[in-house]
Amino acid sequence: MGKIRTAIGLMSGTSMDGIDVALVRTDGEARVERGPFLGVPYDPAFRDRLKLSLEGAKSILRRKQRPGELATIERELTLRHASAVTEFLDRCGLDRSSIDVVGFHGQTVLHRPDDALTVQLGDGPLLASETGIPIVYDMRANDMVHGGQGAPLVPAYHAALSGTIRDAKLPVCFVNIGGISNLTYIGADGSIVAYDSGPGNTLIDQWVETYAGIPFDQGGMIASEGKIVPELADLYLESPFFTAGKRRSLDRNDFLPPSGADAELADGARTLAYVAAASIIKSAGHLPVTPTLYIVCGGGRLNRTIMRDLADLAARQNADVISAEVAGFNGDAMEAEAWAYLAVRSLEGLPLTFPGTTGVKEPVSGGILARP
Ligand SMILES: Nc1ncnc2c1ncn2[C@@H]1O[C@H](COP(=O)(O)OP(=O)(O)OP(=O)(O)O)[C@@H](O)[C@H]1O
Ligand SMILES: CC(=O)N[C@H]1[C@@H]2OC[C@@H](O2)[C@@H](O)[C@@H]1O[C@H](C)C(=O)O
């Protein structure tokens, strides 16, 4: 058994809603003790600046470039992560000296797997000097250097958790419904197959923000009052993404929201919730075996319309859908926990990604260590 380390994971996902902070004690292999979690939301003004940074990032050709405002935003984002760590430690009554490492995801502003280009804003050395804790950052890049899609990286953590699922036998399929959705299938023999499965909440968020002035459809309430517009759903579900021979990881802008002319507010939200659910089932069609159990993590599990559609579609294949909590996990903390776990794996030189998860040529480690 390897050394047990105490790690904090920091995730700012594609929804750009805030920083998730989680603590894990782990050897980076099968031993995982999950600790506390804190979500630190971004204020609307910073969220708007982050969204604008996606535009600025479109001109990036090399991953270190920071055109226009990006350098300023990266610094501010990093300082916000440092404050989030301090707040987390204070609330938990922990001293920074008790933390061995922080896994820092940063904010993805550009992801072009076809060009082997992925850019996460986040200054690891600055975070190390601000927190006084060793930081592992930039965990996607090495995967791409070795021919991988650079995402998803959470599957190694799902695999570690799969041994601890309440009342469940393998195979099992973890689904993360964040801005984008991704799934991880763990076979009865422990084999892992994972990939991005399609648009998650990001289309719904953009739709209700533009046409109702709210950041997300709480509980899926707006969607629950609408009806599916089949032609609009088909526009998304007939994308070549779902039928391509090779699984490809997604950029937030690979699927764009509809225009106001396409649907009424509630019908648009309803259709996009259905698209989120149907995307998962369509993409699961590429798995080696049809799953019998989906464990759903990420903010999308709180959208009851998505969950109802997902349960209905899965039932047609005799599969059950449960939220992460029913399986004994915290569906909000999963990605931040994963970044803590991956940071420890990085310190140990263990692989973060595998041919079955990102399509990388061989299992590879990754991440850069910044010491305070
Ligand atoms: N109570 C709720 N009801 C409905 N939807 C919700 C609720 N809470 C969160 N969400 C949705 O979940 C999103 C955030 O999910 P999450 O934090 O899992 O995404 P992320 O980590 O940013 O994305 P990704 O996993 O793609 O990186 C919000 O933008 C919102 O759309
Ligand atoms: C490039 C990038 O940041 N991708 C994210 C995004 O959000 C969900 C999905 O697309 C997933 O592939 C990935 O994040 C998770 C945390 C992952 O790497 O497992």
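Residues numbered from 1 in each chain as written. Chains lettered and ligands numbered in written order. Predicted model: local features only at pLDDT ≥ 70, side-chain atom pairs only at ≥ 80, totals over all residues. Heavy atoms only, no water.

1. Some words on the sheet that holds strand 11 (residues 320–323)
Overall, mixed pairing links the five strands, which are arranged 9-8-7-10-11 in an open sheet. This sheet does not close on itself; its edge strands, each paired only once, are strand 9 (192–199) and strand 11. Pairs of neighbouring strands in the sheet enclose a mean axial angle of 20°, with direction left out of account. Across seven bridges, strand 8 (residues 180–186) lies against strand 9 in antiparallel orientation. Pairing of I186 across the sheet is with I192, part of strand 9. (Pairing = 2+ DSSP bridges. Helix = DSSP H or I, 4+ residues; strand = E, 2+ residues; numbered from the N terminus. Axes fitted to C-alpha atoms, helices over the stretch in contact; angles between N-to-C directions.)

2. Some details on the side chain of D309
Positionally, D309 belongs in helix 10 (residues 304–315). Since its relative accessible area comes to 8%, D309 is described here as buried. Contact partners of D309, with chain neighbours within four places excluded, come to R270, A273, Y274 and A277. (Buried < 20%, exposed > 50% of the residue type's maximum accessible area, 1.4 Å probe, protein only. Contact = heavy atoms within 4.5 Å.)

3. Quick notes on the pairing of strand 8
For strand 8, the tally of buried residues reaches seven of seven residues, placing the bulk of the element in the interior. In strand 8, alternate side chains face the same way, and those of I180, N182, T184 and I186 on one face and S181, L183 and Y185 on the other are all buried. As judged from the six bridges shared by strand 7 (residues 172–177) and strand 8, these two strands associate in the antiparallel manner. In the sheet register, I177 faces strand 8, and the bridge partner there is S181. Here strand 7 folds back onto strand 8 in antiparallel fashion, the turn holding two residues. Two successive antiparallel strands, strand 8 and strand 9, enclose a turn made up of five residues, where G190 displays a positive phi of approximately 85°.

4. Here we look at the packing of aromatic side chains
All chains considered together, the criterion is met by eight aromatic pairs. Each ring, one from W207 and one from Y211, has its centre 4.6 Å from the other, and the planes form 55°; the classification is tilted. Of this pair, W207 and Y211 both sit in helix 6 (residues 202–212), four residues apart, which is roughly one turn of that helix. Ring plane angle 40° and centroid distance 6.2 Å describe the contact between F242 and F255, whose orientation is recorded as tilted. (Phe/Tyr/Trp six-rings, centres within 6.5 Å; stacked < 30°, edge-to-face > 60°.)

5. Observations regarding the domain arrangement of the chain
Assigned domains of the chain: these are domain 1 (5–150 + 334–370) and domain 2 (166–323). A straight line from the C-alpha centre of domain 1 to that of domain 2 covers 24 Å. Each partner contributes residues to the interface: domain 1 has 16 residues there, and domain 2 has 21 residues. Buried area between domain 1 and domain 2, summed over both chains or domains, comes out near 1,500 Å², and the portion from carbon and sulfur atoms is 43%. Counting the surface domain 1 buries against domain 2, the share from its top three residues, T14, H111 and Q149, is 31%. Across the salt bridge formed by K51 and E209, the nearest N and O atoms sit 2.6 Å from each other. Scanning the region where domain 1 abuts domain 2 turns up 11 residue pairs in polar contact (both at pLDDT 80 or more). Residue assignment for the side of domain 1 that touches domain 2 shows that the elements contributing at least two residues are helix 1 (44–57), strand 4 (101–112), helix 11 (334–348) and helix 12 (355–358). Classifying every residue of the side of domain 1 that touches domain 2 by side-chain character gives five nonpolar, six polar and five charged. (Domains from an automatic or database assignment. Buried area = accessible area lost by both parts, 1.4 Å probe. Salt bridge = Lys/Arg side-chain N within 4 Å of Asp/Glu carboxyl O. Polar contact = N/O pair within 3.5 Å; in protein donor to acceptor, adjacent residues only side chain to side chain. Nonpolar A, V, L, I, M, F, W, Y, C, P; charged D, E, K, R; others polar.)

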